[in-house]
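# Close look at the chain arrangement
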Amino acid sequence: VVNVALTLLTYLPLLDGGFRLVVNREMLQSNDAGERERLAGFGQALTTRLLLVSVLLGPMLTMLYSLAPAAREAGLPASFYLATGVVGALTFGAGIQIQALVGLDRQVWMSVIQGGGSVANLGMMMVGARLGWGVWVFPAAQCVVAVVQWMAAALLMRFQLPGVRLFDLAWDSWRSEFWGRNRAGAWSVFRMQVFIVLLLSMDLLLAGWIVREATELKLYGLVSRVLGIGRSCLTSLGEALWPRIARGDGRQDPLTGRVLALNAWLFGIAGGVLTGAMPQILGWYVAKDWVAGPWLNGLLVARFLVIGMSSPATYHLLGAGAYGALMRAVGMEVLVGVVLGALGGWIWGGAGVAGGFLVSTVVGTFYPLFGKFARSQGVDRGAVGWFCRVWLRALMAVGVGYVAAWWVQGIGLHG
């Protein structure tokens, strides 16, 4: 129940309408200090307004979810859902403030703040659980971490741009003109972001409605959460590329090619280990009855691998401003995933949902995004060969990871 409530709040960042990314790209491309300060001021004015909206919308989402059958059965008080929604709004405000550091070209500090917040959140949850806070440990830990992260990001911005106000409700003619000039581009970014958020969360939400057995849904949610953590860690390699491309730091094409090759090894090894060891590790770490079957585990890991393999090409297109190409590919993936996931889930349960979304990822991401990246580099005839070489590396790495996991378990080192 808590997992689904937190997943609902991941939709709050869509409130920025795509403007946060547009502002960051403009700031990275600008060499004029005054222009960068005006752009940052626009971002802060937008953030202030969105925070006020999210403080209302966050609790509305969680309170509506409290009326769902599974939530009512859990027996949690309405105050829990209200508090979770408010804290979700604070987390959204902190997140959009942290994202502003990309426009300041301070990605390293952004990673430090995000990583430090994750570690602090885990520590606070452990302490709260020891003190007997129960489910209240989720909003309590998240609230403290959000406030600290927000303060750290705000201080860094003030240090870089002392003239920018952190909370700003002013709206002058320049900001109106910037809004009008970039509205079409932001709309393209927004649609792309909507599809990406749906892509990474819709399968779990769809499984929550269709899967009949609570145990199977529990396993689906656990494996999805673990894979989401892994994907967040490994895609940072590609994520570091797009600000360099947006800033125009010479030709980044050879670097993207090398990142694609290295990314294939990293995701391949991770895919092999997760296929061969995740059920045993979760059985040891959580409980024996929290182990997904081989079909469910394999299908979810396969989709994790396909999405991860395309991430450098995706971020390269993002940095180049190819929002339309990304939106069409991801939109097709979401559409096919919802249709096939619903049909497969109705017939085969959780494995059917996972299989439907795996097929959709192959249709929308497997080659289409890579092909778009190859064409952007002037590679047409050799794109298929390049694609096959990258995937050959990945499959070799899957074999290495799987054999390593099998060997480690074979000698008794399960934990």
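Conventions adopted
- Residues numbered from 1 in each chain as written.
- Predicted model: local features only at pLDDT ≥ 70, side-chain atom pairs only at ≥ 80, totals over all residues.
- Heavy atoms only, no water.
- Phe/Tyr/Trp six-rings, centres within 6.5 Å; stacked < 30°, edge-to-face > 60°.
- Helix = DSSP H or I, 4+ residues; strand = E, 2+ residues; numbered from the N terminus.
- Buried < 20%, exposed > 50% of the residue type's maximum accessible area, 1.4 Å probe, protein only.
- Contact = heavy atoms within 4.5 Å.
- Salt bridge = Lys/Arg side-chain N within 4 Å of Asp/Glu carboxyl O.
- Core = buried A, V, L, I, M, F, W, Y, C linked by side-chain atoms within 4.5 Å.
- Axes fitted to C-alpha atoms, helices over the stretch in contact; angles between N-to-C directions.
- Parallel < 35°, antiparallel > 145°, perpendicular 65-115°, else oblique.
- Left-handed = near helix turned anticlockwise from the far one by under 90°.
- Nonpolar A, V, L, I, M, F, W, Y, C, P; charged D, E, K, R; others polar.

### What to know about the packing of aromatic side chains
- One pass over the full model with this rule turns up 18 aromatic pairs.
- Measuring from ring centre to ring centre gives 5.7 Å for phenylalanine 19 and phenylalanine 42, while their planes differ by 50 degrees; the resulting arrangement is tilted. Residue phenylalanine 19 is located in helix H2 (residues 19-29), and its partner phenylalanine 42 is located in helix H3 (residues 33-65); the two are separated by 23 residues in the primary sequence. As far as the burial class goes, phenylalanine 19 and phenylalanine 42 line up, both buried.
- Consider the rings of phenylalanine 370 and phenylalanine 387, whose centres lie 5.3 Å apart with planes at 65 degrees: the pair is edge-to-face. Of this pair, phenylalanine 370 sits in helix H16 (residues 368-376) while phenylalanine 387 sits in helix H17 (residues 383-410); the two residues are 17 residues apart in sequence, bridging distant segments of the chain.
- Classification of phenylalanine 370 by relative accessible area gives buried; the value is 6%.

### Notes on the side chain of asparagine 182
- Looking at where asparagine 182 falls in the secondary structure, it is placed in helix H8 (residues 173-210).
- For asparagine 182, a relative accessible area of 11% corresponds to the buried category.
- Ignoring any residue separated from it by four or fewer positions in sequence, one finds asparagine 182 in contact with Phe19, Val22 and Glu26.

### Notes on the pattern of salt bridges
- Overall, the coordinates contain 5 salt bridges when judged by the stated rule.
- Glutamate 35 is the partner of arginine 38 in a salt bridge, and the nearest nitrogen-oxygen pair spans 2.7 Å. A residue pair is termed a helical-turn pair when its members lie 3 or 4 positions apart in one helix, as arginine 38 and glutamate 35 do in helix H3 at 3 residues.
- By relative accessible area, which is 38% here, arginine 38 ends up partly exposed.
- Across the pair arginine 165 and aspartate 168 runs a salt bridge, and its minimum N-O distance is 3.7 Å.
- Judged by its relative accessible area of 51%, arginine 165 falls in the exposed class.

### Topic: the nonpolar core
- Tyr220 and Leu227 are the most contacted members of the largest nonpolar core, which has 40 residues in total.
- Broken down by element, this core gets its largest block of residues, 9 residues, from helix H13 (residues 294-319).
- Setting aside residues no more than four positions away along its own chain, leucine 227 makes contact with Leu274, Met278, Leu300, Val301 and Phe304.
- Core analysis: the second largest hydrophobic core is formed by 38 residues, Met27, Leu101, Met157 and Leu369 among them.

### Some points on the packing of helix H9 (residues 214-234) against H13
- Interaxial distance between H9 and H13 falls to 10 Å at its minimum, and their mutual angle equals 25 degrees. The pairing of H9 with H13 is recorded here as roughly parallel in orientation. Between H9 and H13 the crossing geometry is right-handed. From H9, Leu219, Tyr220, Val223, Ser224, Leu227, Gly230, Arg231 and Leu234 reach across to H13, where they touch Leu296, Asn297, Leu300, Val301, Phe304 and Ile307.
- Split by residue class, the contact of H9 with H13 holds 10 nonpolar, 3 polar and 1 charged.

Read these as geometric descriptors, not functional statements.
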